[in-house]
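Spelled out from the first residue to the last, the chains are:
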Amino acid sequence: MKRHVLSILVNNYAGVLSRVSGLFSRRGYNIDSLSVGETETEGVSRITVVVICDEDAIEQIIKQVEKLIDVRRVVDMSTRQAVFRELALVKISCTGTNRGEIVSIAEIYRANIIDVATESMTVEITGNQNKIESFIMLMEPYGIKEIVRTGLTALCRGNNPIKNFIKQD
């Protein structure tokens with residue numbers, strides 16, 4: 001079993017996300033991460049899905065997703081040279097005495113402090129999954145009040161955008 005990151009270009013219509021995610025659940029595959037957003041092309045969105053399965057299963061999933069109405073392109077980013085990132089917002093308990101320690105750790109991780117209150121601090125961190133989990137682990141002793149994560153996103157390295165890839169047969 002391997003982690004696969006699928007980048008799916010779709011027409012931006014109501015119900016498309018439901019049809020794509022429903023295909024995974026109908027086949028018994030759990031989606032580990034899901035992120036969706038508009039692209040540079042009007043009317044087109046990109047769905048990034050992370051799923052853990054074997055090679056035979058991912059080939060079948062890709063073929064089934066490509067058959068869905070409004071799906072323009074499906075690319076397994078885990079087989080390509082790509083950039084992978086995730087965003088997390090972490091609200092940490094803090095007092096005047098430990099605020100400096102938290103700020104120092106955030107600086108090491110190149111995280112941004114986006115909100116400060118009397119008893120908490122919210123930090124924005126981007127990076128790969130290991131970086132974010134490592135930061136969260138370091139913040140746990142201070143007390144984590146809330147966490148929200150975007151899910152993985154990916155782009156191929158170099159000059160080729162996903163829309164130039166040929167659909168798989």
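Structural data are supplied above this passage.
None of the values given here were measured: they were computed from a predicted structure. (Residues numbered from 1 in each chain as written. Predicted model: local features only at pLDDT ≥ 70, side-chain atom pairs only at ≥ 80, totals over all residues. Heavy atoms only, no water.)

On to the overall build of the chain. For the chain, the helix and strand inventory stands at four helices and nine strands. Listing each helix as α and each strand as β along the chain from the N terminus yields β-α-β-β-α-β-β-α-β-β-α-β-β. For the chain, the spread of C-alpha atoms along the principal axes amounts to about 60 × 35 × 30 Å. The proportion of buried residues among the 169 residues of the chain is 40%. At a minimum sequence separation of 6, the contacts of the chain that also span at least 24 residues come to 73%. Carbon and sulfur atoms make up 48% of the accessible area of the chain, which totals about 9700 Å². Across the chain, the 21 positively charged side chains and the 21 negatively charged ones have centroids separated by 5 Å. (Helix = DSSP H or I, 4+ residues; strand = E, 2+ residues; numbered from the N terminus. Buried < 20%, exposed > 50% of the residue type's maximum accessible area, 1.4 Å probe, protein only. Contact = heavy atoms within 4.5 Å. Areas by Shrake-Rupley, 256 points an atom, 1.4 Å probe, with all protein chains shown as cover. Lys, Arg positive; Asp, Glu negative; His and termini not counted. Charge placed at Lys NZ, Arg CZ, Asp CG, Glu CD.)

Sheet topology places strand β6 (residues 112-116) next to strand β7 (residues 120-127); four bridges connect them, and they run antiparallel. Each bridged residue has a counterpart across the sheet, and for I113 the counterpart in β7 is V123. Following β6, the chain reverses through three residues before pairing antiparallel with β7. (Pairing = 2+ DSSP bridges.)

Below, the discussion takes up a nonpolar patch on the surface. The grouping of L17, L34 and V36 at the surface amounts to a nonpolar patch, some 220 Å² of accessible area in total. Note on placement: L34 falls in strand β2 (residues 31-38). Classification of L34 by relative accessible area gives partly exposed; the value is 34%. (Patch = residues over 30% accessible without salt bridge, like charges linked within 9 Å, V, L, I, M, F, W, Y side chains within 5 Å. Salt bridge = Lys/Arg side-chain N within 4 Å of Asp/Glu carboxyl O.)

With that settled, consider the state of the cysteines. Following the criterion strictly, the structure yields zero disulfides and no others. In this structure C156 is not part of a disulfide, and its nearest cysteine sulfur, from C53, lies 18 Å away. (Disulfide = S-S within 2.5 Å.)

Glancing now at helix α1 (residues 16-26). Every α-helix carries 3.6 residues per turn, so stepping three or four residues along brings you back to the same face. Of all the residues in α1, the buried ones are V16, V20, G22, L23 and F24. Looking at the buried side of α1, the elements it contacts are β1 (2-11), β2, β3 (44-53), α2 (55-67) and β4 (71-76).

There is a patch of like positive charges on the surface, built from R26, R27, K63 and K67. Along the chain, K67 falls in helix α2. K67 sits in the exposed class, given a relative accessible area of 63%.

This part takes up the packing of aromatic side chains. Working definition: an aromatic ring pair is given by the centre-to-centre distance plus the angle between the planes. The tally for this structure, following the rule as stated, stands at one aromatic pair. With a centroid separation of 5.4 Å and 65° between ring planes, the pair formed by Y109 and F135 is classed as edge-to-face. Pair noted here: Y109 is in the loop between α3 (99-108) and β6 and F135 is in helix α4 (residues 129-139), with a separation of 26 residues, a long-range link. Residue class for Y109 comes out buried when judged on its relative accessible area of 15%. Its end group placed over the ring of F84, R3 keeps NZ or CZ at 5.8 Å from the ring centre. (Phe/Tyr/Trp six-rings, centres within 6.5 Å; stacked < 30°, edge-to-face > 60°. Lys NZ or Arg CZ within 6 Å of the ring centre and 35° of its normal.)

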